[in-house]
2 protein chains.
Amino acid sequence: MDSPHPYSPASLELPGFVPQQMSWEFILGIFTIFTLIVFVGGYSLTGRVKSLSKLDRLIVCWWLFTGTIHCFVEGYFVFAPDYYKLNPTNYLAELWKEYGKGDSRYPARDTTIVLIEGITAVVEGPASLLAAYAIVKNKPYAHALQVATSIGQVYGDTLYFLTAYFTEEKLDVGPLYFWGYFVFMNMFWMVVPFLVACRSWGYISKAFESSRAQKPNGANKKKK
Amino acid sequence: MDSPHPYSPASLELPGFVPQQMSWEFILGIFTIFTLIVFVGGYSLTGRVKSLSKLDRLIVCWWLFTGTIHCFVEGYFVFAPDYYKLNPTNYLAELWKEYGKGDSRYPARDTTIVLIEGITAVVEGPASLLAAYAIVKNKPYAHALQVATSIGQVYGDTLYFLTAYFTEEKLDVGPLYFWGYFVFMNMFWMVVPFLVACRSWGYISKAFESSRAQKPNGANKKKK
């Protein structure tokens, strides 16, 4: 009997699997349009805030983008374990059916993956949206929050890649899915948070240097 | 045939297992002495640094303690997969044999556990020791580093507890091991990093407020 689903390994049991009904062009097309709306819309709107540099505005867009993905797209995966059985289906269920071709731990609901996604959706999603707000409002905690949230993202993504690397099974259904979905898509959440964390780290260090410089005794903190 | 090892489940296969040769009193005794040496020694030595408050000095001791545990104790677990087969044995091998009674994913070498411990040993261990140095030397990056490292510890520990909670197997060999080793020991790495991160977060926010207060235009950052 042929496998009723397109994932690797074929022996993976997914009772009640409903075959994908949206094409990959449609799924990725909608995702691209969503990305463009967030970045173009976010960049335009934040132009009204005079204190923000161009890079600040781009980083606000990043936090809005990643926060929405965490809360809604990854949140859907975590809290809708039956997404691959739904009939009628919906866009997010189809998106996760498509993504599973690059990493079958998603349809298989590997415990570690579900829990990493759970922490991402429940903690890092709201934290990311708060980071966007904190930058726009120039809150004093903006950089601490960005370091904390970015480190969480890098930690989760590192564990995501490492657990895949040390799995004996083949998780993807071909090099296009491996490189396109598994490597390419996830690398964004390694590289961008790393750069954002480094930038905020730099600002924090400067703030301490600057707040010390105004004190008469230089580098010494007040003893308490 | 009786199980050749003391872990749960008894069906766990550990070929070549060498029974524990050190008593739990000895293992925990050495661990307690090590802890006391680090805290008493670290607290005394940092008394020479006039800029450090008592709480600063305690936090330096924490970073020295957790950094040493991460690098050497957890590092040993990660890089000595055959620890339970060693004959003659050593202290760290015996410590991990004892701890396994509280969480059999250690002797079973559960992939997620080994990888969380790997990130902890390789990244968070050196980062913790650097944090101790950064506080003593009053480096401007001290608080950013403490937030980043603490968030990594909380993330790892959260995933550690969650993966255990969602495992169907019973991982401990009794309530004393469950509460004493699994819950009690690991809770330190939830509570202390959380408090340390909150404290550094507060200092970072204050540094931004203070560095802004000296600028003529108040809260606005320079546009670039």
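Residues numbered from 1 in each chain as written. Chains lettered and ligands numbered in written order. Predicted model: local features only at pLDDT ≥ 70, side-chain atom pairs only at ≥ 80, totals over all residues. Heavy atoms only, no water.

Some words on the UniProt feature "transmembrane region" (unreviewed entry) in chain A
Residue and element names in this part refer to chain A. UniProt records the feature "transmembrane region" (unreviewed entry) at residues 26-46, 58-79 and 176-196, using the numbering of this structure. Taken end to end, residues 26-46 comprises 100% helix and 0% strand; its first and last C-alpha atoms sit 30 Å apart. Helix makes up 100% of residues 176-196 and strand 0%. Its end C-alpha atoms lie 29 Å apart. (UniProt positions renumbered as here; feature names shortened; annotations may be inferred. Helix = DSSP H or I, 4+ residues; strand = E, 2+ residues; numbered from the N terminus.)

Description of helix α2 (residues 54-79) of chain B
Relative to the 38 Å expected for 26 residues at 1.5 Å per residue, α2 of chain B spans 36 Å between its end C-alpha atoms, a close match to the ideal helical length. Within α2 of chain B, the axis deviates most sharply at His70 of chain B, by approximately 30°. (Expected span 1.5 Å × (residues − 1). Bend = angle between axes of the 7 residues up to and from the residue.)

Considerations on the relation of the copies chain B and chain A
Placing chain B over chain A gives an RMSD of 0.0 Å and needs a rotation angle of 180°, together with 0.0 Å of translation along the axis. Both copies of the chain, as the preceding transformation shows, are related through a two-fold rotation axis. For chain B, the smallest separation between a C-alpha atom and the rotation axis is recorded for Ser211 of chain B, amounting to 2.4 Å. (Least-squares fit on C-alpha atoms with pLDDT ≥ 70 in both.)

Notes on the packing of aromatic side chains
All names here are of chain A. Applying the stated rule across the entire model yields 55 aromatic pairs over all chains. The ring of Phe77 has Arg109 lying over it, and the distance from NZ or CZ to the ring centre is 4.6 Å. Between Lys206 and the ring centre of Tyr203, over which it is positioned, the NZ or CZ distance is 5.3 Å. (Phe/Tyr/Trp six-rings, centres within 6.5 Å; stacked < 30°, edge-to-face > 60°. Lys NZ or Arg CZ within 6 Å of the ring centre and 35° of its normal.)

Concerning the interface of chain B and chain A
With 47 residues of chain B at the interface, the matching set in chain A holds 47 residues. Roughly 4,500 Å² of surface becomes buried between chain B and chain A when both sides are summed, with 65% attributable to carbon and sulfur atoms. Counting across the chain B and chain A interface gives 3 residue pairs in polar contact (both at pLDDT 80 or more). Ranked by residues supplied to the side of chain B that touches chain A, first place goes to helix α5 (residues 142-165) of chain B with 13 residues. Its residues assigned to classes, the side of chain B that touches chain A shows 21 nonpolar, 16 polar and 10 charged. (Contact = heavy atoms within 4.5 Å. Buried area = accessible area lost by both parts, 1.4 Å probe. Polar contact = N/O pair within 3.5 Å; in protein donor to acceptor, adjacent residues only side chain to side chain. Nonpolar A, V, L, I, M, F, W, Y, C, P; charged D, E, K, R; others polar.)

Notes on empty space enclosed by the protein
Regions of empty space are outlined by a rolling probe, equal in size to a water molecule, passed over the atoms. Residue and element names in this part refer to chain B. The tally for this structure, following the rule as stated, stands at 1 cavity of 30 Å³ or more. Its volume calculated, the largest cavity comes out at about 470 Å³. Of all the secondary structure elements, the ones that give two or more residues to the lining of the largest cavity are α1 (24-46), α2, α3 (91-99), α4 (111-136), α5 and α6 (175-213). Of all the elements, α4 adds the most residues to the lining of the largest cavity, at 5 residues. In terms of residue class, the lining of the largest cavity is made up of 15 nonpolar, 5 polar and 5 charged. (1 Å grid on protein atoms, 1.4 Å probe; cavity = no way out; pocket = protein on both sides within 12 Å on 5 of 7 lines; lining within 4 Å. Points joined across faces, edges and corners; volume = space filled by probe spheres on them.)

Comments concerning the state of the cysteines
With the rule as written, the count across this model stands at 0 disulfides over all chains. Here Cys61 of chain B stays free of any disulfide, with the sulfur of Cys71 of chain B as its closest cysteine sulfur at 17 Å. (Disulfide = S-S within 2.5 Å.)

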